[in-house]
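# An overview of the molecular structure
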Amino acid sequence: MERLSEIFERYFVPPLGAIASSIYLQAIRDAFIIFTLPLIIAGSLFLIIANPPIGALAEWLKPYQGAILVPYELSFGLMALFLAFGVAHSLAQYRRTEAVQPGILAMVVFLIANVPVTDLNELKLGQILPSLGGQGLLVAILVGIATTEVVYWFRNSRYTIRLPKTVPPNVKRAFEALVPTLFLITVIWLLEWFISSHTIIADGKTQQLTLPLLLMEVFKPLVVVQDSYPAALLEIILMMLLWSVGIHGMNIVTAIALPFWLTTISANATGGHGIVTEPFFHIFSHLGGSGATWPLVIYMLRSRSSQLRTIGRVALGPAIFNINEPVTFGVPMVLNPLMMIPFILVPIVVVSINYLAFSLGLVHVPIVMQPFTVPVGISGFIATGGDWRGSVLQGVNLVISALIYYPFFKSWERILVEREEQATQKEAEAVRVAVKPAKVMPG
C-alpha cells in the first residue's frame, strides 16, 4: 500500500492537481455553486409539493400540478441560462477583467443558440424550455467560456474601440464590449440559422434542430455511458484515491461530471430513471462525508486511544452535516496505508449497493437536489421525492460501512494506543530522571 501510494502521488497527483487548478474547471464549479444551486434547491421544493409522497394528496393536487410546477420550471428549468451567466462571470473574475458584461452577453448568446431562427411570435416557451434547463447545460458551459475568452481577447487586442482617457470609465467599458458583442451575436445567430434549417427525429417525433439538441445527440452515447455502473465505480474510485493523498476528489470529479449528473436528474424529474446523479454520490454514498466515515466518529467516541477520542468529539458536530475533514486529516485517512484501504473500499461497496437498489426499483431514483449538509436520514427521504426507502437505504449503507471499517479501526487504534503508552513511559522516565536526588560525594 505504501508503494502504491507513492506511485499514485508521484505519477497521478501532479496532472490531476493541474486539472484541479484549471481556471475553467474552477469557474464551472463556482458557477454551479453560486448561481445555480440555490435555484435548483428552491425549484426542487416545488417539485416535491407537486408530487407529494401521499397518494391521496397527490390525487387531490393533480388538477393544480401544472400551476404548482411554474416556479420549478422557471428556476430549476432555466438553470442552464443562469449557468451561462455564472460561467462567464466567474471566468472573467479569474481573468481579472470586468465580469458583468461577459455574463450578460453569455445569456444573450445562449438564448440565440437555443431559439430556432423563425418567427418568434409562433414560438411557445414550452418548445425551448427543455434546452434552457438540463438539456442545455453543456451549451451553457461552452458559451460561458467562449464569451469571456472572446471579450478578453478583444479587450487586449487592437480590434476594439478605444476612447480617450477623459471619457467616463463606464462609457469606455460599454464601447470596448461593442465589437465582441456584435461578433459573438452574429456568429452564433448564423450558426443557429444553419442548424435550425434542419430537422431531427427525437422521441418519435420530428423536431426543428437547435444547437443544444445537436449536442445532445452527439453526446448521447456519453450520457448513457455516464449513467452506468462502471462509470459510477470509476468516479467513486477516482474521488477516494484523490482524497487519500489530500486532494479534494469530489470537487475535481464534480467539475467534470456535474453537467451529465444534472442532465440525468432533470430527466428524472419528468419521469426518467437515471441513477448516477449528484445526490447518488453526495446523499447516498458520502454518508458523514467522503468515504462514508460516520461510523468512524461513533467508534472514536469510545476509543481507547486518547487521540481518537479527542478527534471523535471534535468531528461529531461536523459529521451530522456531512463534513468530515476532522476525520480525514485527524485520524488520519490521508496518506495512511492502513486506513486508506477501507476509505476506498467502503465507498466502492456502498456505490454498488446503491446502484443495485435503484436499478431494481427498490428505491425511487433521486429527483431532488439539496445541500450536502442535510443530515443522513432526512436527505435520503428528500432526494427520492419523499420515498421512505431512501432513508432505509442510507441506514443499510451505514451498517455495512461500520462493519467494513471496524477491523481496520481496531488495528489502527492498537497502533495508536501502543504509541501513546510508549510516549507516556518515556515521559514518566524523563520525570524520574529529572527529580532523582544527586549523590553526595565523600569529603
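Each value, and the rule that gives it
Residues numbered from 1 in each chain as written. Predicted model: local features only at pLDDT ≥ 70, side-chain atom pairs only at ≥ 80, totals over all residues. Heavy atoms only, no water. Helix = DSSP H or I, 4+ residues; strand = E, 2+ residues; numbered from the N terminus. Buried < 20%, exposed > 50% of the residue type's maximum accessible area, 1.4 Å probe, protein only. Polar contact = N/O pair within 3.5 Å; in protein donor to acceptor, adjacent residues only side chain to side chain. Contact = heavy atoms within 4.5 Å. Phe/Tyr/Trp six-rings, centres within 6.5 Å; stacked < 30°, edge-to-face > 60°. Patch = residues over 30% accessible without salt bridge, like charges linked within 9 Å, V, L, I, M, F, W, Y side chains within 5 Å. Areas by Shrake-Rupley, 256 points an atom, 1.4 Å probe, with all protein chains shown as cover. Salt bridge = Lys/Arg side-chain N within 4 Å of Asp/Glu carboxyl O. Core = buried A, V, L, I, M, F, W, Y, C linked by side-chain atoms within 4.5 Å. Axes fitted to C-alpha atoms, helices over the stretch in contact; angles between N-to-C directions. Parallel < 35°, antiparallel > 145°, perpendicular 65-115°, else oblique. Left-handed = near helix turned anticlockwise from the far one by under 90°. Arc of directions from axis to C-beta. Nonpolar A, V, L, I, M, F, W, Y, C, P; charged D, E, K, R; others polar.

## Examining the side chain of glutamine 370
One can find glutamine 370 in the loop between α20 (337–359) and α21 (378–383). Judged by its relative accessible area of 6%, glutamine 370 is buried. Side-chain polar atoms of glutamine 370 contact the backbone oxygen of serine 379, separated by 2.9 Å. When sequence neighbours within four positions are dropped, the list of residues in contact with glutamine 370 reads Ile41, Ile283, Ser379, Ile382 and Ala383.

## Let's talk about the packing of aromatic side chains
Under the defined criterion, the tally for this structure stands at 13 aromatic pairs. Here tryptophan 261 and phenylalanine 281 contribute two aromatic rings whose centre-to-centre distance is 5.1 Å and whose plane-to-plane angle is 35°, an arrangement assigned as tilted. Residue tryptophan 261 is located in helix α15 (residues 249–268), and its partner phenylalanine 281 is located in helix α16 (residues 278–282); the two are separated by 20 residues in the primary sequence. Both residues of the pair, tryptophan 261 and phenylalanine 281, belong to the buried class.

## Here we look at a nonpolar patch on the surface
On the surface, Ile298, Leu301, Leu316, Ile320, Phe321, Ile323 and Phe372 cluster together into a nonpolar patch covering about 540 Å² of accessible area. At the level of elements, α17 (294–301) and α18 (306–320) are the ones that each hand at least two residues to the nonpolar patch. Note that isoleucine 298 resides in helix α17.

## Observations concerning the environment of glycine 390
If you trace the backbone, glycine 390 turns up in helix α22 (residues 388–435). Residue class for glycine 390 comes out buried when judged on its relative accessible area of 0%. When the C-alpha atoms of glycine 390 and serine 379 are compared, they prove to be 8.3 Å apart, with eleven residues separating the residues in sequence.

## What to know about the nonpolar core
Ranked by size, the top nonpolar core spans 103 residues in total, and within it Phe110, Trp261, Leu262 and Phe281 carry the most contacts. Residues contacting tryptophan 261, with those up to four places away along its chain left out, are Gln226, Glu235, Met239, Met250, Val253, Thr254, Val276, Thr277, Glu278 and Phe281.

## Comments concerning the packing of α17 against α18
The interhelical angle for the contact between α17 and α18, taken along N-to-C directions, is 140°, at an axis separation of 8 Å. With respect to α18, the axis of α17 lies oblique. Between α17 and α18 lies a crossing whose hand is left-handed. Contacts between α17 and α18 involve Trp294, Val297, Met300 and Leu301 on the former and, on the latter, Leu308, Arg309, Ile311, Gly312, Arg313, Ala315, Leu316, Ala319 and Ile320.

## A short note on helix α9 (residues 125–132)
Those residues of α9 lying buried are Ile128, Leu129, Ser131 and Leu132. The arc that holds every buried residue of α9, seen down its axis, measures 165°, which confines them to one face. Every exposed residue of α9 that faces more than 90 degrees away from the buried side is listed here: Gly126 and Gln127.

## Remarks on the packing of helix α8 (residues 100–114) against helix α12 (residues 178–196)
At a minimum axis separation of 8 Å, α8 and α12 run at an interaxial angle of 15°. Of the possible angle classes, the one that applies to α8 and α12 is roughly parallel. Regarding α8 and α12, the two cross each other, and that crossing is right-handed. Residue-level inspection shows Leu105, Val108, Val109, Ile112, Ala113 and Asn114 of α8 in contact with α12, the latter providing Pro180, Thr181, Leu184, Ile185, Ile188, Trp189 and Glu192. Tallied by class, the residues present in the contact of α8 with α12 amount to ten nonpolar, two polar and one charged.

## Digging into the pattern of salt bridges
In the structure shown here, the tally under the stated rule is four salt bridges. Here glutamate 98 and arginine 155 are joined by a salt bridge, their closest N and O atoms 3.8 Å apart. With glutamate 98 in the loop between α7 (79–94) and α8 and arginine 155 in helix α10 (residues 137–155), this pair connects stretches of sequence that are 57 residues apart. Glutamate 98 gets classed as partly exposed once you look at its relative accessible area, which sits at 23%.

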